[in-house]
Amino acid sequence: MSPIKKDTFEITAQTLALVATTTSYGKVLTEVIETGARHELPVHPSRLVDEACRYFASSLPGRLAGTKQVAGFTHKPPIVISQSMGIYFFPTISPKRKDCSWISHSHIRSFNSLDGYQTTIEFTNGSSIVVPVSPGMIANQIQRTAQFRFLLENRIKHSSLYTAEQIAEPFA
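Everything numeric here is computed off the predicted structure, so don't read it as measured data.

Engineer: Please explain the packing of aromatic side chains as it appears in this structure.
Structural biologist: To describe a pair of aromatic rings, you give the distance between the ring centres and the angle between the ring planes. Summed over the entire model, instances satisfying the criterion amount to two aromatic pairs. Judged by centre distance (5.1 Å) and plane angle (90°), the ring pair of Tyr55 and Phe56 falls under edge-to-face. In this structure Tyr55 comes out as exposed when scored by relative accessible area, which is 57%. Judged by centre distance (6.0 Å) and plane angle (75°), the ring pair of Tyr88 and Phe148 falls under edge-to-face. Of this pair, Tyr88 sits in strand β6 (residues 87-91) while Phe148 is found in helix α3 (residues 135-168), placing the two residues 60 residues apart along the sequence. Taking NZ or CZ as reference, Arg144 lies 4.3 Å from the ring centre of Phe73, over its face.

Written as structure tokens, this is what we have:
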């Protein structure tokens, strides 16, 4: 399926990946892969991630700082775009680089090495992409994202239990 050009885009729970592609002129574009479609946008993936974070009242730098606070990850940290919608993404390289692709943690079915330097990621809908990073790096990013999700969800769960207990005490 060839990508179609689109002017607007919103990251949702159906977004599988934002893949950086480079034109013959050196401009970085984004191939957006969703459960039922692929389309191309004329901006780099981290910009789309930043816009999505801003939609949910933060920013990419804010989410990166939040990941550092919660999990201590400083290099290629995973982020949460929307915790309530379960939208967690991880970068394939430094998010400061325009050619950084972003992968949705929730949609990965499996991954396999092509040659030790490239990895095929298969998604739950049967589609796949090839990213120019090692399978060990992908495995590490998947594990770090799972750990971050657990720590953040555990923190939120304990925070809400504490608040509920505080509110309920005066009425006891």
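Engineer: What am I meant to see in the pattern of salt bridges here?
Structural biologist: Where charged atoms from two side chains of opposite charge come close, those side chains can pair. Enumeration according to the criterion identifies five salt bridges in this entry. Among the salt bridges present, the one from Arg38 reaches Glu31, with a minimum N-O distance of 3.0 Å. Exposure remark for Arg38: the relative accessible area of 17% places this residue in the buried category.

Engineer: Honestly, helix α1 (residues 45-55) in this entry has me stumped. Any pointers?
Structural biologist: Structurally, the α-helix is built with 3.6 residues per turn, so residues lying three or four positions apart point the same way. Inspection of α1 places Pro45, Ser46, Leu48, Val49, Asp50, Ala52 and Cys53 among the buried residues, and these make up the whole buried set. Buried residues along α1 sit in contact with β2 (15-22), β3 (28-34), β4 (37-41), α2 (60-71), β5 (79-82) and β7 (102-104). With its phi angle positive at about 70°, Ala57 sits one or two positions after the end of α1.

Engineer: Honestly, the nonpolar core in this entry has me stumped. Any pointers?
Structural biologist: Soluble globular proteins tend to pack their nonpolar side chains together in the buried interior. Ranked by size, the top nonpolar core spans 33 residues in total, and within it Ile11, Val49, Ile81, Ile103 and Ile129 carry the most contacts. Counting residues in each nonpolar core, the second largest holds seven residues, with Val70, Phe73, Val80 and Tyr88 among its members.

Engineer: In this structure, what is going on with the pairing of strand β8 (residues 108-113)? I would like to understand it.
Structural biologist: Residues in a regular strand project their side chains so that they alternate between the two faces of the sheet. Two elements, β8 and strand β9 (residues 119-123), share five bridges in a ladder whose sense is antiparallel. Paired with Ser113 across the strands is Thr119, a residue of β9. The antiparallel pairing of β8 with β9 creates a hairpin that spans five residues between the two strands, and Gly116 there sits at a positive phi of about 90°.

Engineer: Looking at this structure, how should I read the pairing of β4?
Structural biologist: The buried fraction of β4 amounts to four of the five residues, a majority that puts the element mostly inside the structure. Sheet analysis places β3 next to β4, joined by five bridges and oriented antiparallel. Residue pairing across strands places Glu34 opposite Ala37, the latter belonging to β4. Adjacent in sequence and paired antiparallel, β3 and β4 are bridged by two residues.

Engineer: Sorry if this is basic, but what is going on with unusual backbone geometry here?
Structural biologist: Peptide bonds are mostly trans, and most non-glycine residues show a negative phi. With phi around 70°, Ala57 is a residue other than glycine that occupies positive phi space. Structurally, the position occupied by Ala57 is in the loop between α1 and α2. The class of Ala57 is exposed, set by a relative accessible area of 73%. Even without being a glycine, Lys76 presents a positive backbone phi close to 50°. Along the chain, Lys76 falls in the loop between α2 and β5.

Engineer: What should I look at first to understand α2 in this one?
Structural biologist: Its 12 residues give α2 an end-to-end C-alpha distance of 16 Å, which sits within 8% of 16 Å, the value for a rise of 1.5 Å per residue. Residues of α2 that are buried: Leu60, Arg63, Thr67, Val70 and Ala71. What you see down the axis of α2 is that its buried residues fit within an arc of 90°, all on one side. Of the exposed residues in α2, the ones pointing more than 90 degrees away from its buried face are Pro61, Lys68 and Gln69.

Rules used in this analysis
- Residues numbered from 1 in each chain as written.
- Predicted model: local features only at pLDDT ≥ 70, side-chain atom pairs only at ≥ 80, totals over all residues.
- Heavy atoms only, no water.
- Phe/Tyr/Trp six-rings, centres within 6.5 Å; stacked < 30°, edge-to-face > 60°.
- Buried < 20%, exposed > 50% of the residue type's maximum accessible area, 1.4 Å probe, protein only.
- Helix = DSSP H or I, 4+ residues; strand = E, 2+ residues; numbered from the N terminus.
- Lys NZ or Arg CZ within 6 Å of the ring centre and 35° of its normal.
- Salt bridge = Lys/Arg side-chain N within 4 Å of Asp/Glu carboxyl O.
- Contact = heavy atoms within 4.5 Å.
- Core = buried A, V, L, I, M, F, W, Y, C linked by side-chain atoms within 4.5 Å.
- Pairing = 2+ DSSP bridges.
- Expected span 1.5 Å × (residues − 1).
- Arc of directions from axis to C-beta.

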